[in-house]
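Fold and contact review
These are the residues of each chain, in order.
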Amino acid sequence: MRSPWLNKLSVILGPRPPVSWLFLCVVSLLALITVFGSSSSSSFDSVTSTWVPESYKNYRRLKEQAAVDYFELRTLSSGASRQRELGFCGKEIENYVPCYNVTANLLSGFKDGEEFDRHCEVVGQGKWCLIRPPKDYKTPLQWPAGRDVIWSGNVKITKDQFLSSGSMTKRMMLLEENQIAFQSDAGLTFDGVKDYSRQIAEMMGLGSDSEFLQAGVRTVLDIGCGFGSFGAHLVSIKLMALCIAGYEATGSQVQLALERGLPAMIGNFITRQLPYPSFSFDMVHCAQCGIPWDKKEGMLLIEVDRLLKPGGYFVLTSPKSKPHGSATGTKIRNMLTPLEQFPEKICWSLIAQQDETFIWQKTVDAQCYSSRKQNDVPLCKGHDASYYQALSPCIIGPSSKRWIPIQNRSSSSELSSAELALHGVSLEDFFEDLQGAEDPLPPFNMVRNVMDMNAHYGGLNAAFLEEKKSVWVMNVVPVTSRNMLPLILDRGFPGVLHDWCEPFPTYPRTYDMLHANGLLSHLSSERCSLMDLFVEMDRILRPEGWVVLYDKLGAIELARAHATQIRWGARVIDLQNGSDQRLLICQKPFLTK
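In this text the structure is predicted, and so the values were computed from the model without any measurement.

Turning to the sheet that holds strand β8 (residues 308-317), a few remarks are in order. Read across the open sheet, the 7 strands follow the order β6-β5-β4-β7-β8-β10-β9; overall the sheet is mixed. The open sheet has two edge strands with one neighbour each: β6 (264-266) and β9 (348-354). The mean inter-strand angle of the sheet, taken between neighbouring strand axes irrespective of direction, is 20°. Pairing geometry for β9 and strand β10 (residues 357-362), over 6 bridges, is antiparallel. Opposite Trp348, over in β10, you have Lys362 as the bridge partner. Along the sheet face, helix α9 (residues 193-203) touches β7 (281-287), β8, β9 and β10 and points at about 45° away from the line of β10. Against the sheet, helix α10 (residues 229-236) contacts β4 (219-223), β5 (240-245) and β7, and its axis sits at roughly 170° relative to β4.

A large share of β8 lies buried, amounting to 10 of its 10 residues. As judged from the 6 bridges shared by β7 and β8, these two strands associate in the parallel manner. Counterpart to Cys286 in the pairing with β8 is Leu316. For the handedness criterion, the β-α-β arrangement of β7, helix α12 (residues 299-307) and β8 is classed as right-handed. Strand direction decides the pairing type here: β8 and β10, joined by 5 bridges, are antiparallel. The residue of β10 that forms the bridge with Tyr313 is Gln361.

Moving on to α10. Burial runs high along α10: 6 of the 8 residues are buried. Listed in full, the buried residues belonging to α10 are Ser229, Phe230, Gly231, Ala232, His233 and Leu234. Once α10 finishes, Lys238 follows within two positions and takes phi at roughly 65°, a positive value.

Below, the discussion takes up the sheet that holds strand β12 (residues 472-478). Spatial strand order, β13-β12-β11-β14-β15-β17-β16: 7 strands in an open sheet with mixed pairing. In this open sheet, the two strands that pair with only one neighbour each are β13 (495-498) and β16 (569-573). Averaged over all pairs of adjacent strands, the angle between strand axes in this sheet comes to 15°, irrespective of strand direction. The pairing of β16 with strand β17 (residues 581-587) spans 5 bridges and is antiparallel.

Analysis parameters
Residues numbered from 1 in each chain as written. Predicted model: local features only at pLDDT ≥ 70, side-chain atom pairs only at ≥ 80, totals over all residues. Heavy atoms only, no water. Pairing = 2+ DSSP bridges. Helix = DSSP H or I, 4+ residues; strand = E, 2+ residues; numbered from the N terminus. Axes fitted to C-alpha atoms, helices over the stretch in contact; angles between N-to-C directions. Contact = heavy atoms within 4.5 Å. Buried < 20%, exposed > 50% of the residue type's maximum accessible area, 1.4 Å probe, protein only. Right-handed = clockwise from strand over helix to strand, strands pointing away.

Structure, rendered in structure tokens:
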């Protein structure tokens, strides 16, 4: 049965809008002429008096509106003009990623690898400006063609870098000087990705990689994912693979993976935990990912253990070793020696080794933790805080209520009532999230990468799946809201914790659509500026990309003013359901100057 979410914008954005909508447009136009014909002060008064009801019948509504009004006044007092459009940034920051400035980090005293980590506290308060696309930027090809062929002008990598990149050129070729083609069966080993994936499955005791789902493997964290070849193959067999890799100024793995329409974000295994809760993934995969797993007294492996669900797998493929006795071969053997010893201390078992690939499995036996030696890694005590906290020297034991072997979990994204109860969610609330009030879909021309900026229980993601749309959703859970990310990940969806007062860890122009339900009202009590949020949204949104916001009337009107300031086309839609909620639909233009 078609979801109610998906019945509205087909009418709203159809080729022949209803007469009522045309009438509303005329009325809105006359209202805007009246508003912007007055002074900025009277403009503010006009908007609030026109759109905000004179009184509310209950205290809750009054309190919510007061928070939105305060947020608006604070934003205006910071100097933001409601009418003046923002200018463009310089060409030198076409691929700028805030919080990842190695030079500034070094000057701030970070060292020993920390300078490559994410440091938003170092980011200065610069002037607001809009990042332009590169001169040769082109609209990506529609999926699935865009998975295998991308425009070389859309990513920061040159032909000379391709030609000097060694094994990289074995997986790619330049076509007509302006395209990069990814061979569908190319990849991580000389046998190709398909053979490599089948090898992993066979090492796990499966007949083929099509049986990953039967073995409980639905979600994979792919560390240092190259250019997404392994992830692209996993997507083809209906697994969710999220790529993470460190920030790179040029030739970025994350930027290329996202350009291909594959789930990816910047993430470092250096000094901090990744922004995912414990028991997030069924498999963690590292093929030539460059992580020194033998360093930091096993702390990096402890982080993998934190991310793995009980019964989950850690797959490590090391670089091809050179002839016996070589320096590289010795280094690899020295690295693998502690890897063969340390996993036992955290209750992992080496279940298979073939060529340069090793597979460990995390135990499902709670007794393992009580039978370990006294000097083994201790169990953690207290709350699991996973938003860029320092790496922990302890492991999460079986006392957690989410300690469920992957083989015993639901194979469907629709969790059972017992599984929902583990997250403190009722069936009624869960299905209410799916039957949301607003339609999430703009016209489907080039939409592939979608971000839900306030994901709740993952209802938008589920709606897309129900409609069999060829998109993936990055489900973002704000750190100051109720943490439903464990539930989202248990549904098999990609997701991450994030503080929207900070930039998101991705490259410019990497999402086709941004969606948020209730985020603006939620941020009204936060320390950050709404204009900072909109400038960040503009940075990560592709030219011609869409923004769909659903919120209270006052917040939506303020958002429309900011959308106009950053040159988006925007319109407010009254869903006529008797509430004070409104839908704001925006499109970012393709601006080059």
